[in-house]
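# Architecture and fold: a report
Here is what each chain is made of, one letter per residue.
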There are 2 protein chains.
Amino acid sequence: MVGARRCFARNGFHATSMQDILKEVGLSAGAVYRYFSGKEELIEAIAEEAFSVLHDAFDEAARQSPPPLPDELLGYVLRQCFAGTGFDTEREFGQLVLQVWGETTRNEVLGAKVHAAVTMMRAGWTEVVKEYQRQGIMPDDVEPEYAARTLMGCAMGFIAQQALFGDLEIDQLQQGLRGVMRMQVTGAS
Amino acid sequence: MVGARRCFARNGFHATSMQDILKEVGLSAGAVYRYFSGKEELIEAIAEEAFSVLHDAFDEAARQSPPPLPDELLGYVLRQCFAGTGFDTEREFGQLVLQVWGETTRNEVLGAKVHAAVTMMRAGWTEVVKEYQRQGIMPDDVEPEYAARTLMGCAMGFIAQQALFGDLEIDQLQQGLRGVMRMQVTGAS
DNA sequence: TTGTCAAGAAGGAATGTTCGTTTTAGTTTG
DNA sequence: CAAACTAAAACGAACATTCCTTCTTGACAA
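Residues numbered from 1 in each chain as written. Chains lettered and ligands numbered in written order. Predicted model: local features only at pLDDT ≥ 70, side-chain atom pairs only at ≥ 80, totals over all residues. Heavy atoms only, no water.

### Regarding the protein's contact with DNA strand C
Quick reminder of the rule: When we say a residue is near a molecule or strand, we mean one of its heavy atoms is within 4 Å of it. For the purposes of these results, a polar contact is taken to be a pair of N or O atoms within 3.5 Å, where, inside protein, one atom must be able to donate a hydrogen and its partner to accept one; residues adjacent in sequence count only when each atom of the pair is a side-chain atom. Each helix corresponds to a stretch of at least 4 residues labelled H or I by DSSP, and each strand to a stretch of at least 2 residues labelled E; elements are numbered beginning at the N terminus.
Close to DNA strand C lie 16 residues; Ser28(A), Tyr35(A), Met18(B), Tyr33(B) and Lys39(B) are nearest. Counting only the atoms of DNA strand C that lie within 4 Å of the protein, the sugar and phosphate share comes to 57%. With respect to DNA strand C, the side chain of Tyr35(A) contributes an N or O atom lying 3.0 Å from a phosphate oxygen. Side-chain polar atom of Gln19(B) to a phosphate oxygen of DNA strand C: 3.1 Å apart, as the coordinates give it. Those elements that provide at least two residues to the surface near DNA strand C are helix 3 (29-35) of chain A together with helix 2 (18-25) and helix 3 (29-35) of chain B.

So, in structure tokens, the structure goes:
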């Protein structure tokens, strides 16, 4: 399973052959097909595992009370993701997530699950933003859901950058985000 | 070419067969192979086209003087991307970009190009942040490159969300980002 | 202790299919 | 006439999957 993950992260779901995986995990075809009915099932299993790491991290972060400021919140999410479950590197996790997002277009079953999960995640983060507003930290004229999507997008963008380069530290995102949060803009732009 | 793009966006590079493309574009094998030596070349051509839309948008946005505030900057980038070159929908563009990012791991040639391009883009955006600091809009104790990466990540995250759901408006990101920019935080968190 | 046996696990060659690509000969189009 | 294209067949390679064999294990009886 961990070997299949490595293969998929490296080469993508559909450019990875079963033989690639068999070689990586050092098993024969018969052994693998005892546990998975086929490649599609293996893909779904690994995609759902990776996505649930994402899901749990976002959900758990939003449940903190009182909610930490955005920089802490994103730092928490990302650290949780990468600490998740035994990925070799942070980059590998990002690469796999990228594959999962791509697969979402193709696989309707996976797509429905991701859609439902993200809707839930978004609701949690929207509540966080509302709490910011209650505390007077975030201006009231901002639609909470939009701010929530923006913050989630920020985290997603970090994961994408991590996948592409692997040379990005969470502290750097936090510092950058703090900079944006503390900008001296009065009205809007 | 536009047909191949549609196929790749829908099913990914490697789950799309040549036959799929031939059917979509209504050409025979002989016609396509007159212009592309093979599938790999077709993939690279379309990947580079999609990525160059991204690249041009980011670069052009950073060259504006004086630089607009982040919300305007990101709005400009994303509108430029989606207006780019004849994609059917904004979502289709996002899906293709996701595929390109995923392919970057696999294809070293493409990976090197993307890496070089992003390094350039990052430099331009870092200059924008330095200009913010010169104008006293952005606090000085923030490493400009980190803030640049954060903003770029925010745009990348929007594209990813667009690919996954297609139900996101650029104005919403802008409003959300404005909210983050105007948060009432004094020190840090 | 030793031998037996059943069942689960893994091996690995074989299978049929699909894929990317090439080739051929004929057809349209400017 | 020439360039571009079609249609269809054919190719080997690569692929996912199957099927039968072999190995391992643990319970149990002699």
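What follows continues from the structure just given.
### Focus: the relation of the copies chain A and chain B
Formally: Least-squares superposition aligns the copies on the C-alpha atoms of those residues with pLDDT at or above 70 in both.
You can overlay chain A on chain B at an RMSD of 0.1 Å; the transform is a turn of 180° with a shift of 0.0 Å along its axis. In short, the pair behaves as if placed about a two-fold rotation axis.

### Topic: the protein's contact with DNA strand D
The condition is simple: Ten residues, namely Ala, Val, Leu, Ile, Met, Phe, Trp, Tyr, Cys and Pro, are considered nonpolar, four, namely Asp, Glu, Lys and Arg, are considered charged, and the remaining ones, Gly among them, are considered polar.
Near DNA strand D lie 14 residues; those nearest to it are Met18(A), Tyr33(A), Lys39(A), Ser28(B) and Tyr35(B). When the atoms of DNA strand D within 4 Å of the protein are grouped by moiety, sugar and phosphate amount to 65% of the total. The side chain of Tyr33(A) places a nitrogen or oxygen atom 2.7 Å from a phosphate oxygen of DNA strand D. Secondary structure elements with two or more residues in the surface near DNA strand D: helix 2 (18-25) and helix 3 of chain A together with helix 3 of chain B. Per-element tally for the surface near DNA strand D: the top contributor is helix 3 of chain B, with three residues. For the surface near DNA strand D, the per-class residue count stands at six nonpolar, six polar and two charged.

### Examining the environment of Val118(A)
Applicable threshold: Classification of residues uses two cut-offs on accessible area relative to the type maximum, computed with a 1.4 Å probe and protein chains only: under 20% is buried, over 50% is exposed, and between them is partly exposed. The contact rule is simple, with two residues in contact once any of their heavy atoms fall within 4.5 Å.
For Val118(A), the position within the fold is in helix 7 (residues 108-134). In this structure Val118(A) comes out as buried when scored by relative accessible area, which is 8%. Sequence separation of Val118(A) and Leu54(A) is 64 residues, and the distance between their C-alpha atoms is 9.8 Å. In this structure, Val118(A) is in contact with Phe51(A), Met152(A) and Phe165(B), ignoring residues within four places of it in sequence.

### Concerning the interface of chain A and chain B
Where we set the bar: The quantity reported as buried area is the accessible area (1.4 Å probe) lost by two parts once they are put together, taken as the sum for both. Here, a salt bridge means any Lys or Arg side-chain nitrogen found within 4 Å of an Asp or Glu carboxyl oxygen.
Taken together, the contact between chain A and chain B spans 61 residues of the former and 61 residues of the latter. A buried area of about 5600 Å², summed over both sides, lies between chain A and chain B, and 65% of it is on carbon and sulfur atoms. Looking at the side of chain A facing chain B, the largest losses of area belong to Phe165(A), Arg182(A) and Met183(A), adding up to 12% of the total buried there. Between the two partners, chain A and chain B, sit six salt bridges. Here chain A is connected to chain B by 12 residue pairs in polar contact (both at pLDDT 80 or more). Contributions of two or more residues to the side of chain A that touches chain B are made by helix 1 (2-11), helix 5 (70-83), helix 6 (90-106), helix 7, helix 8 (144-164) and helix 9 (170-181) of chain A. The residue makeup of the side of chain A that touches chain B, split by class, is 29 nonpolar, 21 polar and 11 charged.

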